[in-house]
Amino acid sequence: MSVDGAAAVATRKARGGEDVVVRAAPEPASTAHAPQAIALSIVHEDGELLVVDKPAGLVVHPGSGNWEGTLLNALLHHAPHLAAIPRAGIVHRLDKDTSGLLVVAKTLQAQTHLVRQLQARTVKREYLALATGDLPRGGTVDAPIGRHPTRRTTMAVVATGKPARTHYDVVERFGLATLLACRLETGRTHQIRVHLAALGHPLVGDPAYGKRQPLPFPRQALHARRLGLVHPAQGTACQWESPLPPDFAALLDRLRAGVGR
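Here the residue index of a chain counts from 1 through its sequence in written order. Only residues with pLDDT of at least 70 get local features here, since the model is predicted, and only at 80 or more are side-chain atom pairs given and counted; chain-wide, interface and lining totals rely on the full set of residues. Excluding hydrogens and water, the side-chain values take into account all heavy atoms of the structure.

Secondary structure elements are defined from DSSP: runs of H or I of at least 4 residues count as helices, runs of E of at least 2 residues count as strands, and each element is numbered from the N terminus. Looking only at helices and strands, the chain features 4 helices and 14 strands. For the C-alpha atoms alone, the extent of the chain along its principal axes is close to 80 × 45 × 40 Å. Relative to its full complement of 261 residues, the chain shows a buried share of 44%. Contacts in the chain between residues at least 24 apart in sequence constitute 62% of all its contacts with a sequence separation of at least 6. Here the Shrake-Rupley method, with its probe set to 1.4 Å, supplies the accessible areas, and only the displayed protein chains count as covering residues. Accessible surface computed for the chain: about 13500 Å², of which carbon and sulfur atoms make up 53%. On the chain, the mean spot of the 31 positive side-chain charges and the mean spot of the 21 negative ones are 6 Å from each other. Only protein chains enter the calculation, and the probe is 1.4 Å; a residue is then buried if its accessible area is under 20% of its type maximum, exposed if over 50%, and partly exposed in between. Working rule for contacts: check all heavy atoms of both residues, and any pair within 4.5 Å makes them a contact. The convention is simple: Lys and Arg are positive, Asp and Glu are negative, and His and the chain ends are not counted. To locate a charge, take NZ of a lysine, CZ of an arginine, CG of an aspartate or CD of a glutamate.

Next comes the structure, spelled out in structure tokens:
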């Protein structure tokens with residue numbers, strides 16, 4: 001705000017006849033697609049695609065409460081031409097507090113190809129998940145997922161939901177928790193989190209789906225460690241892997257040392 005061309009001062013009294021100019025602040029959503037210099041951990045990049053190792057805490061796409069500082073903002077700074085591609089080439093997402101691998105298309109042709117692979121369920125996505133409690137063996141959860149009927153910010157297994165299937169194998173058992181390798185056949189919102197909670201073994205550190213937590217951890221213990229797909233231009237099978245981030249690795253070391261048993 002300015003008064004007679006000068007910055008407005010709270011102590012100045014209006015006497016009438018002043019020229020007052022008020023400039024409205026832009027809506028947060030209007031700057032959601034602005035490039036921002038945010039560091040990216042790039043696992044692979046070529047002319048068609050980009051594979052990013054996303055840290056926990058980074059939101060993938062702008063939305064309510066997170067209009068800046070997202071992966072999309074970082075991508076637009078790294079590769080400005082992505083502004084011409086829907087969602088800056090993002091074809092699938094990871095939750096804010098899930099770490100690991102995510103693929104981004106750098107051309108419209110690559111985006112179409114990757115979306116079709118996701119629809120055909122041929123993209124291989126494997127996660128490491130630390131579930132609460134002791135799971136004796138692996139298995140498959142085949143249960144539809146939709147919006148929770150009363151808690152609208154979360155998802156749930158509901159009869160009217162979309163088909164969802166998660167395969168899981170036991171990697172290591174600690175008594176209080178079990179390390180699982182989870183493979184997605186579908187890609188519903190919060191799928192692994194919802195399916196493990198439906199089994200009665202929610203993720204360690206998951207405040208939305210696991211109220212009683214036997215181990216302190218500031219986020220859901222979920223890491224997208226392996227990603228496999230067919231290269232959209234070369235037609236060759238590609239696969240990338242991501243090591244566990246330090247916080248997740250330290251939690252497993254504590255469990256192996258017997259902490260919390």
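From this point, things continue past the structure.
This next bit is on the layout of surface pockets. Empty space among the atoms becomes visible once a probe the size of a water molecule is rolled across them. For the largest pocket, the calculated volume is near 1300 Å³. Lining of the largest pocket is provided by 40 residues; of these, Arg-93, Asp-95, Arg-188, Thr-189 and His-190 occupy positions nearest its centre. Those elements giving two or more residues to the lining of the largest pocket turn out to be helix 2 (108-119), strand 7 (124-132), strand 9 (145-147) and helix 3 (191-198). In this count, Pro and Cys sit with the nonpolar residues alongside Ala, Val, Leu, Ile, Met, Phe, Trp and Tyr, while Asp, Glu, Lys and Arg are called charged and the others, Gly among them, polar. Of the residues in the lining of the largest pocket, the class split is 14 nonpolar, 14 polar and 12 charged. Think of a 1 Å grid over just the protein atoms. A cavity is a set of points where a 1.4 Å probe fits yet cannot get out, a pocket is an open set with protein on both sides within 12 Å along at least five of seven lines, and lining residues have an atom within 4 Å of a point. Grid points are joined across faces, edges and corners, and a volume is the space filled by probe spheres set on the points.

With that settled, the discussion passes to empty space enclosed by the protein. For the structure shown, the criterion picks out 1 cavity of 30 Å³ or more. Reported here for the largest cavity is a volume of approximately 30 Å³. What lines the largest cavity is Leu-94, Leu-101, Arg-125, Glu-126, Tyr-127, Ala-224, Arg-226 and Leu-227. Looking at the lining of the largest cavity, the elements that each hand over two or more residues are strand 7 and strand 13 (222-230). The residue inventory of the lining of the largest cavity, partitioned by class, reads 5 nonpolar, no polar and 3 charged.

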